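Analysis of the macromolecular model
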Amino acid sequence: MIFSHLTIRVTLLCILLFSGFHALANIQKPVFKVIAFYTAKNDQAHISYVHEANEWFPKMAKQYQFSYDTTSNWSNMNPKFLSQYQVVLFLDTRPETPEQRAAFEAYMKNGGGWMGFHFAAFALAKSTYPDNWDWYHHEFLGSGAYGSNTWRPTSAILRVEDQKHPVTKQLPVTFKSSPNEWYRWQNDLRKNPDIDILLAIDSSSFPVGTGPKDYEIWHSGYYPVVWSNKKYKMMYVNMGHNDIDYEHKTNKTLSLTFDNEVQNKMIINGLLWLGADKKRG
């Protein structure tokens, strides 16, 4: 009888231990894996943003159970490396070599997820980042080349354009953004049937920017700032340029991109949406 009771107790203990280890393994296993590519070499505002992002996203990874890795080595933009991840982030720039670009295009066409920030969409003739990647800038992003920007970095009132999209879930119809340098693009995204504009600058924001040059201040117009392409699992986010004390040459960060609860919710909504697609392998 004693032996029987001991056997039962040992058996129950083993079951409990196994169940505990199994539950712990499930908790620790990431729901999806994110890799963030960045350069962080030009423009102190972009460098400041990259550093901030690489502090903020790991905190979100713990909270929402995804993994977050980073690399500044763009040669990692290859099929073998990308196959480990369900979501790719471009924090500040883009791939430049034909091999890297082909790998990214194939990754997206095979169902990969992507979120790009601010300068990741920049393209301008006769610049360091020329408009020389048609698929990326004209088909995938749809925006074409860079047109102009506001200055200085300022907040704007943003308006939700598609209230049914997972990215805008539970967002207010309008909200105030963190300070940012806002971009205007070559193409009118409203005319592209593949583009789903999620957020745009609300007219109540005007004027946007403070100058000193007149063309750096927007007084009217339509400016999308977050959008998706219906053919891909992707979203572009215009945010990603912190205000910097350039004039006094301290290069001190004067604003933070992730110091905004509503804007952060939009970004997390987007990341969870990108990571939730079970079709990706």
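Residues numbered from 1 in each chain as written. Predicted model: local features only at pLDDT ≥ 70, side-chain atom pairs only at ≥ 80, totals over all residues. Heavy atoms only, no water.

Per an unreviewed UniProt entry, the chain goes by ThuA domain-containing protein and derives from Pedobacter hiemivivus.

Quick word on the overall build of the chain
Threshold: Numbering of helices and strands runs from the N terminus; a helix is a DSSP stretch of H or I covering at least four residues, while a strand is a stretch of E covering at least two. Throughout this description, buried means an accessible area under 20% of the type-specific maximum (1.4 Å probe, protein chains only), exposed means over 50%, and partly exposed covers the range between. We call two residues contacting when some pair of their heavy atoms lies within 4.5 Å. Here the Shrake-Rupley method, with its probe set to 1.4 Å, supplies the accessible areas, and only the displayed protein chains count as covering residues.
Secondary structure assignment for the chain yields 6 helices and 11 strands. Across the 281 residues that make up the chain, the buried fraction comes to 53%. Summarising the internal contacts of the chain: among those between residues at least 6 apart in sequence, 75% fall at separations of at least 24. Carbon and sulfur atoms provide 56% of the accessible area of the chain, an area that totals close to 14100 Å².

Remarks on the side chain of asparagine 264
Inspection of the secondary structure puts asparagine 264 in helix 6 (residues 261-275). In this structure asparagine 264 touches Trp56, Thr257 and Phe258, once residues within four positions along its chain are discounted.

Focus on the sheet that holds strand 2 (residues 67-71)
Cut-off, in case you're wondering: At least two DSSP bridges between two strands are required for those strands to pair. Simply put, an axis is a line fit to the C-alpha atoms, just over the touching stretch for a helix, and the angle between two N-to-C directions goes from 0 to 180 degrees.
The 9 strands are arranged 2-1-3-4-11-10-9-6-7 in an open sheet whose pairing can be described as mixed. This sheet does not close on itself; its edge strands, each paired only once, are strand 2 and strand 7 (174-176). This sheet shows a mean twist of 20° between the axes of neighbouring strands, independent of strand direction. Direction of pairing for strand 9 (residues 195-201) relative to strand 10 (residues 224-229): antiparallel, over a ladder of 5 bridges. Bridging across to strand 10, isoleucine 195 finds its partner in asparagine 229. Contacting strand 2, strand 3 (87-90) and strand 4 (113-117), helix 2 (residues 44-64) runs over the sheet at an angle of about 155° to strand 2. The strands touched by helix 4 (residues 98-109) are strand 3, strand 4 and strand 11 (233-237); relative to strand 4, the strand with the most contacts, the crossing angle is about 125°.

A word on unusual backbone geometry
Here the residue pair tryptophan 151 and arginine 152 is connected by a cis peptide bond, since its omega of -5° sits within 30 degrees of zero. Along the chain, arginine 152 turns up in the loop between strand 5 (146-149) and strand 6 (157-160). Residue proline 207 follows phenylalanine 206 across a cis peptide bond; omega there is 0°. Following the sequence through the fold, proline 207 ends up in the loop between strand 9 and strand 10. With a phi angle near 70°, aspartate 43 is a residue other than glycine that sits in the positive phi range.

Remarks on helix 4
Short version of the rule: In this analysis, the expected span of each helix is defined as 1.5 Å times one less than the number of residues it contains.
Over its 12 residues, helix 4 extends 16 Å from the first C-alpha to the last, a length consistent with the 16 Å expected when each residue adds 1.5 Å. Contacts made by the buried residues of helix 4 are with helix 3 (79-82), strand 3, strand 4, helix 5 (134-140) and strand 11. Remark: glycine 111 follows helix 4 within two positions and exhibits a positive phi of approximately 100°.

Observations regarding the environment of asparagine 187
With respect to the secondary-structure elements, asparagine 187 resides in the loop between strand 8 (183-185) and strand 9. The spacing of asparagine 187 and alanine 145 is 42 residues in sequence and 7.7 Å in space, taken between C-alpha atoms. For asparagine 187, the contacting residues outside a window of four places in its chain are His138, Gly142, Ser143 and Gly144.

Quick notes on the nonpolar core
Short version of the rule: Joining through side-chain atoms within 4.5 Å is the link that ties buried Ala, Val, Leu, Ile, Met, Phe, Trp, Tyr and Cys residues into a set, and such a set is a nonpolar core.
Grouped together as the largest cluster of nonpolar side chains are 46 residues, with contacts concentrated most on Phe57, Leu89, Leu91 and Met266. For this core, the element with the highest residue contribution is helix 2, accounting for 8 residues. In this structure, methionine 266 is in contact with Val167, Leu171, Leu199, Val226, Met235, Val237 and Met239, ignoring residues within four places of it in sequence. Trp74, Ala120, Leu141 and Trp185 belong to the second-largest nonpolar core, a separate cluster that totals 34 residues.

A look at helix 6
Using the following cut-off: Any pair of N or O atoms that falls within 3.5 Å is considered a polar contact. Within protein, one atom must be able to donate a hydrogen and the other to accept it, and sequence-neighbouring residues count only if both atoms are side-chain atoms.
Between the first and last C-alpha of helix 6 there are 21 Å, a value that for 15 residues agrees with the 21 Å anticipated at 1.5 Å per step. Of the positions making up helix 6, those classed as buried are Gln263, Asn264, Met266, Ile267, Ile268, Asn269, Gly270, Leu271, Trp273, Leu274 and Gly275. One side-chain oxygen of the residue at the start of helix 6 lies 3.3 Å from the amide nitrogen of valine 262, identifying that residue as asparagine 260.

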